[in-house]
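Coordinate analysis (summary)
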Amino acid sequence: FLSALALLTMVESFNLNVAWPLLPFMTESFGIARNEKEIGIYVGIIGGTMSGANVFGCNFWGYAADRFGRRPTMLVGMCGSVVASLVFGTSRTFTQAVIGRALAGLLNGNGPITKTYLGEITRKEDQARNFGIFALCFSISSIAAPLVGGFLCLPAEKYPAVFDEDSLFARFPYLLPMLSTSLLSAVGGVVGYFVVPESAAFVENRQKRLRRSASEVELFEVGDERKQKSDKEGEGVALIIADEDVSEEKSGVGGAEKGESDAEP
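A few points on the structure. (Residues numbered from 1 in each chain as written. Predicted model: local features only at pLDDT ≥ 70, side-chain atom pairs only at ≥ 80, totals over all residues. Heavy atoms only, no water.)

1. Side note on the pattern of salt bridges
Applying the stated criterion across every chain yields a total of six salt bridges. Of the charged contacts in the structure, one is a salt bridge between Arg129 and Asp126, with a shortest N-O distance of 4.0 Å. Placement of both Arg129 and Asp126 in helix α7 (residues 124-152) is noted, with a separation of three residues, approximately one turn of the helix. For Asp126, a relative accessible area of 16% translates into the label buried. Residues joined in a network through salt bridges with shared partners are Arg123, Glu125, Asp126 and Arg129. (Salt bridge = Lys/Arg side-chain N within 4 Å of Asp/Glu carboxyl O. Helix = DSSP H or I, 4+ residues; strand = E, 2+ residues; numbered from the N terminus. Buried < 20%, exposed > 50% of the residue type's maximum accessible area, 1.4 Å probe, protein only.)

Here it is as structure tokens:
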């Protein structure tokens, strides 16, 4: 299943780099830049949004991976990439484009999670080789993604024999490359679901947490029982003291009455 894990790493890189060839044409189509010099500013804003959003999303996904497991978190990240790619691919405004790239960063934190997973399932003597393979896969995807983005953007203009003017890809000229990203993410999610298991390290840590929680609950229950027992013993002692006080009062009253009766003759 290392190949499936490598595929998840390639999806992350592909989603990050596929948009770069599209951005100048997309930004110009929005009509917000007053001149060519401003196009670069908007391209930088859209392009950097994904990485900026990923900074805020990584902490949450790291917590989710520790809480719910590496495997489900990575699968959710694949689903998030599918949604974010479609939102960005159908962008008709600058705001939608920024939202699409922000979602791509917020909904997928698989970059650090896949590395953590690889470190947990790999023996120490094999870690250098396997991490090197993953870096190679990331680089290959970083090369392929811009090529795919540039080749598939504006398909109705580039390939009129295949895509007519009334087609979906004529209305959304940047959807096709992002659709390829969504398809790759979906394939990665399906392969991960059937091939990638949960890491043994996480399962062991989860069992330790469950045992620790059970011990804490047991200690709490024992302490509560002891407290209830001590409260009952305290109530018993209080009743005994109260009975002794009542007896003393009765004996005192009886002695006084006897003294009065002796004094009457």
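Read on for the rest.
2. Re the nonpolar core
Core analysis: the biggest nonpolar cluster contains 18 residues, and Leu22, Met26, Phe30, Ile46, Phe88, Ala97 and Tyr174 have the highest contact counts within it. Residue assignment for this core shows that the elements contributing at least two residues are α2 (23-30), α3 (36-68) and α5 (94-106). Discounting chain neighbours no more than four positions away, the residues touching Ala97 are Met26, Phe30, Ile46, Phe88 and Ser91. Counting residues in hydrophobic clusters, the runner-up holds 16 residues, among them Ala4, Leu5, Met74 and Phe134. (Core = buried A, V, L, I, M, F, W, Y, C linked by side-chain atoms within 4.5 Å. Contact = heavy atoms within 4.5 Å.)

3. What about α2?
Turning to α2, its buried residues are Leu23, Met26, Thr27 and Phe30. Down the axis of α2, the sector holding all buried residues measures 95 degrees, keeping them to one side. (Arc of directions from axis to C-beta.)

4. Observations concerning α7
Each α-helix winds once per 3.6 residues, and so residues spaced three or four apart point in a common direction. Over its 29 residues, α7 extends 42 Å from the first C-alpha to the last, a length consistent with the 42 Å expected when each residue adds 1.5 Å. Those residues of α7 lying buried are Asp126, Asn130, Phe134, Cys137, Ser141, Ala145, Gly149 and Leu152. Of the surrounding elements, those touching the buried residues of α7 are α1 (2-17), α6 (110-121), α8 (155-158) and α10 (175-195). Leu154 sits one or two residues past α7 and shows a positive phi near 50 degrees. (Expected span 1.5 Å × (residues − 1).)

5. Looking at the environment of Asp164
Here Asp164 lies in the loop between α8 and α9 (168-171). Leave out the neighbours within four places in its chain, and Asp164 touches Ala156 and Ala170. One polar contact links the side chain of Asp164 to the main-chain amide nitrogen of Asp166, over a distance of 3.1 Å. (Polar contact = N/O pair within 3.5 Å; in protein donor to acceptor, adjacent residues only side chain to side chain.)

6. A closer look at a nonpolar patch on the surface
Residues Val190, Tyr193, Phe194 and Val195 make up a contiguous nonpolar surface patch of roughly 440 Å² in combined accessible area. Inspection of the secondary structure puts Phe194 in helix α10. (Patch = residues over 30% accessible without salt bridge, like charges linked within 9 Å, V, L, I, M, F, W, Y side chains within 5 Å. Areas by Shrake-Rupley, 256 points an atom, 1.4 Å probe, with all protein chains shown as cover.)

7. So, the packing of aromatic side chains
Under the definition given, this model contains five aromatic pairs. Between Phe163 and Phe169, the aromatic rings sit 5.5 Å apart at their centres with planes inclined by 80 degrees, giving edge-to-face as the arrangement. On the basis of relative accessible area, Phe169 is assigned to the buried category, the value being 16%. Aromatic pair Tyr193 and Phe194: ring centres 5.0 Å apart, planes at 85 degrees, arrangement edge-to-face. A relative accessible area of 48% means that Tyr193 is categorised as partly exposed. Phe194 gets classed as exposed once you look at its relative accessible area, which sits at 67%. Over the face of the ring belonging to Tyr193 we find Arg71, whose NZ or CZ atom lies 5.1 Å from the ring centre. (Phe/Tyr/Trp six-rings, centres within 6.5 Å; stacked < 30°, edge-to-face > 60°. Lys NZ or Arg CZ within 6 Å of the ring centre and 35° of its normal.)

8. Some words on the side chain of Thr73
Within the element layout of this structure, Thr73 appears in helix α4 (residues 70-89). For Thr73, a relative accessible area of 5% puts it in the buried group. Within the local environment of Thr73, its side chain forms a polar contact with the backbone oxygen of Gly69, the two atoms lying 2.7 Å apart. Ignoring anything within four residues of it in the chain, the contact list for Thr73 reads Trp61, Ala64, Ala65, Asn110 and Ile113.

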